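This is what each chain is made of:
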Amino acid sequence: MKILQRIGYYLGGFAIGLVLLAFFLNGRGVSCEYNYGPEGRVLKSIRTKTLQFSEASKTTIATKTIDTAAISYLLKEGDVDFSKSQPRQEPCGIYYISGTTKDKKQFELLVQNCDSIATMQSIKQLD
């Protein structure tokens, strides 16, 4: 078998594989994010759910200590502290997320992550 025939068979199989892959993954909401670790999965899970705020966190937002844009930034770029978190708690896991906002303020968020709703339990400024 000549080298050109081998290359042709390879490219043909590769093209068929791409078509099948596009067919099976079409419309499933598959994303190719760079972070597949446990921390990235937890943060993505919280970001994709409806976010509700407890009265304590609403008070913190109302006093202009932090705004919802900074909270969204922390839910994307923050660090999950698994030593403080209780991910297997029933019915909803509890996660401590800490991070620095764009204006260099450090915060710690306590989030209760349920099946369809994530509730911001408390927001604490660490500075």
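This text follows the structure it describes.
Residues numbered from 1 in each chain as written. Predicted model: local features only at pLDDT ≥ 70, side-chain atom pairs only at ≥ 80, totals over all residues. Heavy atoms only, no water.

> Report on the state of the cysteines, specifying residues and quantitative values.
Evaluation of the coordinates by the stated rule reveals one disulfide. The disulfide bridge from cysteine 92 ends at cysteine 114, spanning 1.9 Å between sulfur atoms. Disulfide cysteine 92-cysteine 114: the torsion about the S-S bond is 105 degrees, which places it as right-handed. Separated by 22 residues along the polypeptide, cysteine 92 in the loop between strand 2 (79–86) and strand 3 (93–100) and cysteine 114 in the loop between strand 4 (106–113) and strand 5 (117–125) bring together distant segments of the chain. Like cysteine 92, the residue cysteine 114 is buried in the burial classification. (Disulfide = S-S within 2.5 Å. Helix = DSSP H or I, 4+ residues; strand = E, 2+ residues; numbered from the N terminus. Buried < 20%, exposed > 50% of the residue type's maximum accessible area, 1.4 Å probe, protein only.)

> Any chance you could break down the nonpolar core for me, citing the residues and the numbers?
Counting residues in each nonpolar core, the largest one holds 17 residues, and the members touching the most others are Ile46, Ile66, Ile97, Leu109, Val111 and Ile123. For this core, the elements supplying multiple residues, two or more each, are helix 2 (38–48), helix 4 (68–77), strand 3, strand 4 and strand 5. Top contributing element to this core by residue count: helix 4, with four residues. (Core = buried A, V, L, I, M, F, W, Y, C linked by side-chain atoms within 4.5 Å.)

> Tell me about the side chain of threonine 119, and name the residues and values.
For threonine 119, the position within the fold is in strand 5. Threonine 119 sits in the buried class, given a relative accessible area of 16%. If we skip the residues at most four places from it in the chain, threonine 119 touches Gln52, Ser54, Leu110, Val111 and Gln112. (Contact = heavy atoms within 4.5 Å.)

In short, shape yes, function no, at least from these values alone.
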